[in-house]
Amino acid sequence: MNNLKIYYKLLSHSGWKVYIAATDQGLCYLGTEHSTIEELITACKKQFPGRELEFQESHEQLSFYVQQLIEYFEGQRAEFTFQFDIHGTAFQMKVWEALCNIPFGQSRCYGDIANSIGNPKAVRAVGTAIGSNPVAIAIPCHRVLGKNGSLTGFSGGLDVKEKLLTLERIPYKQ
């Protein structure tokens, strides 16, 4: 049995529009305002290679995730308590774990993340791993800024990164 059911939904709330997807094990995809259903499918195929994926639109299966995301978007939640079902290289997993340790309302630079995983020379690789984060927002890659506090790349679009930083009241340079 190599089938995997993935529940998905387009969440629209207070100016936010994000695709979310989860397995029975946890959240496996969280897009940003510019994401599409095609990107959701592609990301899930990458997360679960060799698996036969069955996509099912569902409100009920995702209600726990939706509630926490809405609370976050409304400024009532600073951290998420749901599980993830994400897969990456050992290096990516270390980087994503380090991102989860950045507190709400704070930022780090790429060098800080490289240092925190014990690989201070891997700044560029850290940037690549951050760009591969399948659950943006929940694993807060938007909290990573350039060395001088400047707004840097974000796979979901710099406009979305600015919106997230503003939501969390994180200062940055343009």
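It should be emphasised that the depicted structure is a prediction, and the values quoted were computed from it without experimental measurement.

**Structural notes on the overall build of the protein**
Secondary structure summary: the protein contains 6 helices and 6 strands in total. The helix and strand sequence of the protein, counted from the amino end, reads β-β-β-α-β-α-α-β-α-α-β-α. By principal-axis analysis of the C-alpha atoms, the protein measures approximately 45 × 35 × 25 Å. Taking all 174 residues of the protein together, 49% fall into the buried category. Look at the contacts in the protein between residues 6 or more apart in sequence, and 58% of them connect residues 24 or more apart. Carbon and sulfur atoms make up 48% of the accessible area of the protein, which amounts to about 9,000 Å² in all. Put simply, the protein has 17 plus and 17 minus side-chain charges, and the middle of one group is 10 Å from the middle of the other.

**Some thoughts on the UniProt feature "active site" (unreviewed entry) in the protein**
Sequence positions flagged by UniProt for "active site" (unreviewed entry) are, in local numbering, Cys141. Cys141 gets classed as buried once you look at its relative accessible area, which sits at 4%. Non-local contacts of Cys141, meaning those with residues more than four positions away in its chain, are made with Leu99, Ile130, Asn133, Ala136 and Phe154.

**A closer look at the domain arrangement of the protein**
Domain assignment breaks the protein into domain 1 (4-74) and domain 2 (90-168). With centres defined by C-alpha atoms, the gap from domain 1 to domain 2 works out at 21 Å. Taken together, the contact pairs 14 residues of domain 1 with 16 residues of domain 2. Summing the contributions of domain 1 and of domain 2, the shared interface buries around 1,300 Å²; its carbon and sulfur component is 66%.

**Regarding helix 2 (residues 63-73)**
For helix 2, a buried count of 8 out of 11 residues is recorded, marking the element as mostly surrounded by other parts of the structure. Taken as a whole, helix 2 has its buried residues at Tyr65, Val66, Gln68, Leu69, Ile70, Glu71, Tyr72 and Phe73. Where helix 2 is buried, its residues touch strand 1 (3-13), strand 2 (16-22), strand 3 (27-30) and helix 6 (158-167).

**A look at the nonpolar core**
Within the largest apolar cluster, 41 residues are counted, with the highest numbers of intra-cluster contacts made by Ile20, Leu30 and Leu99. Elements with a minimum of two residues in this core: strand 1, strand 2, strand 3, helix 2, helix 3 (90-100), helix 4 (110-116), helix 5 (123-131) and helix 6. Broken down by element, this core gets its largest block of residues, 6 residues, from helix 2. Counting the residues that make up this core, at least three belong to each of domain 1 (4-74) and domain 2 (90-168). Aside from chain neighbours lying at most four places away, what touches Ile20 is Tyr7, Tyr8, Lys9, Leu27, Tyr29, Leu30, Leu40, Leu62, Tyr65, Val66 and Leu69.

**Here we look at the pairing of strand 3**
As judged from the 3 bridges shared by strand 2 and strand 3, these two strands associate in the antiparallel manner. Paired with Ala21 across the bridge in strand 3 is Tyr29. Once strand 2 ends, the chain turns through 4 residues before running back antiparallel as strand 3, passing Gly26 with a positive phi of about 155°.

**With respect to the packing of helix 3 against helix 5**
Contact geometry of helix 3 with helix 5 gives a least axis separation of 9 Å together with a crossing angle of 80°. Viewed along their axes, helix 3 and helix 5 adopt a mutual orientation that is roughly perpendicular. In this structure, helix 3 uses Phe91, Gln92, Val95, Trp96 and Leu99 to contact helix 5, whose residues at the interface are Ala125, Val126, Ala129 and Ile130. Residues that form the contact of helix 3 with helix 5 fall into these classes: 8 nonpolar, 1 polar and no charged.

**Things to note about the pattern of salt bridges**
Pairing between side chains becomes possible if they bear opposite charge and their charged atoms approach one another. Within the structure shown, the criterion is met by 4 salt bridges. In this structure, the salt-bridge partner of Lys163 is Glu33, at a minimum N-O distance of 2.7 Å. Within this pair, whereas Lys163 is found in helix 6, its partner Glu33 is found in the loop between strand 3 and helix 1 (37-47), the two being separated by 130 residues in sequence. Owing to a relative accessible area of 29%, Lys163 belongs among the partly exposed residues under this scheme.

What counts and what doesn't
Residues numbered from 1 in each chain as written. Predicted model: local features only at pLDDT ≥ 70, side-chain atom pairs only at ≥ 80, totals over all residues. Heavy atoms only, no water. Helix = DSSP H or I, 4+ residues; strand = E, 2+ residues; numbered from the N terminus. Buried < 20%, exposed > 50% of the residue type's maximum accessible area, 1.4 Å probe, protein only. Contact = heavy atoms within 4.5 Å. Areas by Shrake-Rupley, 256 points an atom, 1.4 Å probe, with all protein chains shown as cover. Lys, Arg positive; Asp, Glu negative; His and termini not counted. Charge placed at Lys NZ, Arg CZ, Asp CG, Glu CD. UniProt positions renumbered as here; feature names shortened; annotations may be inferred. Domains from an automatic or database assignment. Buried area = accessible area lost by both parts, 1.4 Å probe. Core = buried A, V, L, I, M, F, W, Y, C linked by side-chain atoms within 4.5 Å. Pairing = 2+ DSSP bridges. Axes fitted to C-alpha atoms, helices over the stretch in contact; angles between N-to-C directions. Parallel < 35°, antiparallel > 145°, perpendicular 65-115°, else oblique. Nonpolar A, V, L, I, M, F, W, Y, C, P; charged D, E, K, R; others polar. Salt bridge = Lys/Arg side-chain N within 4 Å of Asp/Glu carboxyl O.

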